[in-house]
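Chain by chain, the residues:
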Amino acid sequence: MKKETHIHAAERFLSNKKNAEWHDETLWQTRTKRDRQAALIPEWEQLRELASKIKMHTITHLDRYLEQFATAAEKNGATVHWAKDAAEHNAIVLQILQQHEASKLVKSKSMLTEECNLNPFLFEKGIDVVESDLGERILQLMDIPPSHIVMPAIHIQREDVGKLFEEKLQTEKGNADPTYLTRAMRQCLREKFLASTVAMTGANFGIAETGDVVVCTNEANADMGTSSAKVHIVSMGIEKVIPSHDALSVFVRLLARSATGQPSTSYTSHYQKPQKGGELHIILVDNGRSDNLADKDHIQTLKCIRCGACMNTCPVYRRSGGYSYSYFIPGPIGINLGMLKDPKNYYTNLSACTLCFSCNSVCPVQVDLGNQIYKWRQGLNAIGKANRTKKVMSDGMRMMFQQSGVYHAAVKAAPLMNLMPRALIYCKANKWGIGREVPQFAKQSFTSWWKKEVQKR
Amino acid sequence: MGYRGKIGLFIPCYVNTVFPEVGIATYKLLTHLGIDVDYPVDQTCCGQPMANAGFEEKSVPLIHKFNELFDKYDYVVGPSASCVAFVKENHPHILEAHGQHACQMSGKIYEVCEFLHDIVKVEALPGAFPHKVSVHNSCHGVRELHLSSPSELHRPRYSKIKDLLSLKEGVEVFEPQRVDECCGFGGMFAVEEDAVSVQMGKDKLRNHMATGAEFVTGADSSCLMHMQGIARRENLPIQFIHVVEILVAGL
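Residues numbered from 1 in each chain as written. Chains lettered and ligands numbered in written order. Predicted model: local features only at pLDDT ≥ 70, side-chain atom pairs only at ≥ 80, totals over all residues.

K.L.:
Hey, could you run me through the sheet that holds strand β7 (residues 215–218) of chain B in this one?
P.N.:
Picture the strands of a sheet paired through backbone hydrogen bonds; they go either parallel or antiparallel. All names here are of chain B. What the 4 strands build is an open sheet, ordered β6-β5-β7-β8; its pairing is parallel. Both edges of this open sheet fall to β6 (172–174) and β8 (239–242), since each of them pairs with a single strand only. Pairwise comparison of adjacent strand axes, ignoring direction, gives a mean angle of 35° for this sheet. Strands in contact with helix α11 (residues 221–234) are β5 (132–136), β7 and β8; relative to β8, the strand with the most contacts, it is inclined by about 170°. (Pairing = 2+ DSSP bridges. Helix = DSSP H or I, 4+ residues; strand = E, 2+ residues; numbered from the N terminus. Axes fitted to C-alpha atoms, helices over the stretch in contact; angles between N-to-C directions. Contact = placed C-beta atoms within 7 Å.)

K.L.:
Sorry, what's going on with the sheet that holds strand β9 (residues 267–271) of chain A here?
P.N.:
All names here are of chain A. Strand order in this open sheet of 4 strands is β8-β5-β6-β9, and the pairing throughout is mixed. At either margin of the open sheet sits one strand with a lone partner, and together these are β8 (241–242) and β9. With 2 bridges joining them, strand β5 (residues 205–207) and β8 adopt parallel strand pairing. Paired with Gly-206 across the strands is Val-241, a residue of β8. Against the sheet, helix α12 (residues 245–259) contacts β5, β6 (213–217), β8 and β9, and its axis sits at roughly 165° relative to β5.

K.L.:
What exactly am I supposed to notice about the interface of chain B and chain A here?
P.N.:
Interfaces are often described in size by the accessible area the parts lose on coming together. With 56 residues of chain B at the interface, the matching set in chain A holds 59 residues. Of all the secondary-structure elements, those providing two or more residues to the side of chain B that touches chain A are α1 (13–17), α2 (20–32), α3 (48–52), α4 (56–70), α7 (139–143), α9 (189–192), α10 (194–209) and α11 of chain B. Here the side of chain B that touches chain A is composed, by residue class, of 29 nonpolar, 13 polar and 14 charged. (Nonpolar A, V, L, I, M, F, W, Y, C, P; charged D, E, K, R; others polar.)

K.L.:
Explain the pairing of β8 of chain B here, please?
P.N.:
Strand residues, when the strand is regular, have side chains that alternate between the two faces of the sheet. All names here are of chain B. Where β7 and β8 come together, 4 bridges link them in parallel fashion. Its bridge partner lying in β8, Phe-215 is registered against Gln-239. Since β7 and β8 lie parallel, the crossover through α11 that links them has a hand, and here it is right-handed. (Right-handed = clockwise from strand over helix to strand, strands pointing away.)

K.L.:
Even after reading the chapter, I still don't get the packing of helix α16 (residues 331–341) of chain A against helix α19 (residues 369–379) of chain A, so can you show me in this structure?
P.N.:
Helix-helix packing is described using two parameters, namely the angle between the two axes and the distance between the axes. Residues and elements named next belong to chain A. At a minimum axis distance of 9 Å, the contact between α16 and α19 shows a crossing angle of 40°. Judged by the angle between their axes, α16 and α19 are oblique. Viewed along their axes, α16 and α19 form a crossing whose handedness is left-handed. Contacts between α16 and α19 involve Pro-332, Ile-333, Ile-335, Asn-336 and Met-339 from the first element and Leu-369, Gly-370, Gln-372, Ile-373 and Trp-376 from the second. Tallied by class, residues from the contact of α16 with α19 come to 7 nonpolar, 3 polar and no charged. (Parallel < 35°, antiparallel > 145°, perpendicular 65-115°, else oblique. Left-handed = near helix turned anticlockwise from the far one by under 90°.)

K.L.:
In this structure, what is going on with the pairing of β5 of chain B? I would like to understand it.
P.N.:
Residues and elements named next belong to chain B. With 4 of 5 residues buried, β5 is to be regarded as a mostly interior element. Relative to β6, β5 is paired through 3 bridges, and the arrangement is parallel. Paired with Val-133 across the bridge in β6 is Val-173. The pairing of β5 with β7 spans 4 bridges and is classified as parallel. Across the sheet, the residue bridging to Val-135 is Thr-217, located in β7. (Buried ≥ 20, exposed ≤ 12 C-beta atoms within 10 Å, placed from the backbone.)

K.L.:
Explain the domain arrangement of chain A to me, please; I cannot follow it from the model alone.
P.N.:
For chain A, the domain assignment lists domain 1 (61–290) and domain 2 (404–455). Distance between the C-alpha centres of domain 1 of chain A and domain 2 of chain A: 58 Å. (Domains from an automatic or database assignment.)

K.L.:
What exactly am I supposed to notice about the packing of helix α20 (residues 388–402) of chain A against α4 of chain B here?
P.N.:
Interhelical geometry of α20 of chain A versus α4 of chain B gives an angle of 20° and a closest axis separation of 9 Å. The angle between α20 of chain A and α4 of chain B falls in the class roughly parallel. Every pair of crossing elements has a handedness; the one defined by α20 of chain A and α4 of chain B is left-handed. Between α20 of chain A and α4 of chain B, the contacting residues are Ser-394, Asp-395, Arg-398, Phe-401 and Gln-402 of chain A on the first element and Lys-58, Pro-61, Leu-62 and Lys-65 of chain B on the second. Its residues placed into classes, the contact of α20 of chain A with α4 of chain B shows 3 nonpolar, 2 polar and 4 charged.

Now the structure itself:
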């Protein structure tokens with residue numbers, strides 16, 4: 001099946017004007033909150049610089065730090081698993097569940113499990129997966145994927161959540177009060193927490209020197225899950241490892257401020273040892289990451305701490321929504337990660353960028369997201385995916401601009417364009433003219449003026 | 001004034017054909033300040049449109065041509081932040097990627113406001129412009145040429161464009177909400193993603209107009225051209241003017 005391009009999906013998103021406006025403003029508010037928090041930290045820019053250097057250092061010495069992390073974690077009593085791809089990751093999870101004869105898994109939010117398509121895999125094997133993050137749970141009940149990596153249900157309005165809960169949780173008709181709805185969900189989830197034997201979380205950081213896993217959340221759902229269940233499975237990308245607690249102190253100052261404009265997440269939980277009589281499993285997942293290490297143009301994406309700040313600031317993301325991108329991670333980081341995963345499959349997302357570079361400037365670890373999008377565009381022709389119109393236009397421009405004579409003739413003829421009938425100018429082929437008037441060419445170009453007024457003097 | 005030498009005027013292709021008055025204003029302003037200005041008439045385009053669209057290699061001959069034409073000048077100055085930024089930031093690595101010699105242009109090319117502010121260090125300008133203007137902080141002007149402090153960065157606030165405008169009598173300067181959010185032009189983005197592009201332009205115009213300004217002004221005629229196209233289509237009561245046209249008023 002041919003996927004819808006970002007261009008068309010964005011058009012569709014914008015056709016619901018009120019919703020699009022609301023989406024833009026909501027995400028912009030998050031960007032504004034982030035700005036306010038950043039402004040309160042005098043050393044904010046130094047922190048970004050430091051965070052970038054620590055990440056770059058760690059990912060370029062990943063073999064060493066991963067080994068150190070795994071050794072320390074095992075010494076703490078955790079079991080470390082290595083998964084080279086999504087299939088291995090999912091098989092390991094299933095195996096752990098089967099060992100404990102568990103038919104249910106309570107999960108906190110994890111983009112890595114989205115990447116691995118874990119939930120559909122487990123459903124097929126008869127496991128009931130319960131998402132415990134409020135946003136993720138809403139989406140699970142709606143049977144739709146996240147549209148943002150930090151605020152997964154940011155595109156859903158409270159009235160829609162009210163209607164959903166009426167049907168699924170038998171809440172009062174017409175009540176869309178967020179506190180009421182959250183309480184209803186908490187009641188419902190509590191039973192699931194208490195009944196589960198296995199809980200799963202993602203990982204924001206893995207500390208090499210001590211082997212602990214750090215999970216940052218606002219709802220304590222991860223903690224509820226891991227406290228009620230005897231078995232805790234951590235799903236962690238290999239790039240999440242950092243050297244030390246000193247390094248962590250840099251990242252925790254940046255993460256929540258960049259992500260949601262909070263000084264810190266409500267909970268920053270450190271998991272070091274299994275519960276008494278329980279088990280702690282850490283699955284370290286590669287799934288293509290080690291290949292990215294060898295790609296000098298795009299290695300920087302491995303620094304990403306998944307804060308979502310680049311999405312909140314991206315003027316295109318805010319006006320096209322998370323579903324307009326064909327990769328499961330949207331926005332500037334998603335465009336890049338999609339290209340790293342499978343360029344031929346995800347290249348159409350590359351149009352969703354004006355090269356405004358705002359993403360570069362908000363990124364807490366200084367990933368050069370905009371520059372990388374520019375670089376990916378350069379490679380499209382080589383894989384046979386260049387846009388034909390743009391290619392023809394670029395060729396035409398090169399021919400015209402390379403020969404001054406041709407260019408000058410074109411410049412002289414340009415004002416004739418102004419005389420063209422409106423119906424010819426504003427045709428379907430001229431996408432400029434759909435929402436804009438075309439510029440009028442001047443009667444006399446600067447070059448003609450120069451020749452007449454300056455050179456002849 | 002701390003400046004000596006001859007400058008080559010870089011008038012980007014669309015300024016040449018659509019906004020020649022911006023080129024003329026640049027020339028008049030610079031010569032008024034006693035600067036020796038030349039214009040190599042064989043210049044065409046810096047190569048940005050095709051490179052941003054993904055065809056860097058097609059810009060290589062244009063980069064060579066650019067270097068040949070402007071090699072003899074002490075400074076190259078142009079009234080378009082985006083084109084200047086492309087020459088400064090991208091010409092060197094494009095040449096390098098195509099196994100060519102190092103590019104000398106990067107160190108001596110300036111956007112005209114930057115040149116007046118940092119090199120010429122203009123301290124006074126005669127003439128008045130008794131109007132309300134809203135400054136359009138263009139992406140490449142802000143985030144590549146550093147004409148003002150990007151809103152994302154926690155750094156001391158400054159604006160070279162506002163500094164220059166403050167020299168002019170009568171002008172009231174405003175800035176829109178979301179002070180340096182992109183207007184949605186983006187070169188071929190404007191036609192490829194036209195729905196998002198036009199929406200961004202409409203939003204930007206609404207913010208500019210909310211300041212009560214009569215004019216939107218900026219260092220990039222390309223952004224202005226895009227917003228002007230929308231304003232004309234929507235019949236919005238707002239005008240557009242390049243910063244140099246304000247600076248040259250009454251001279």
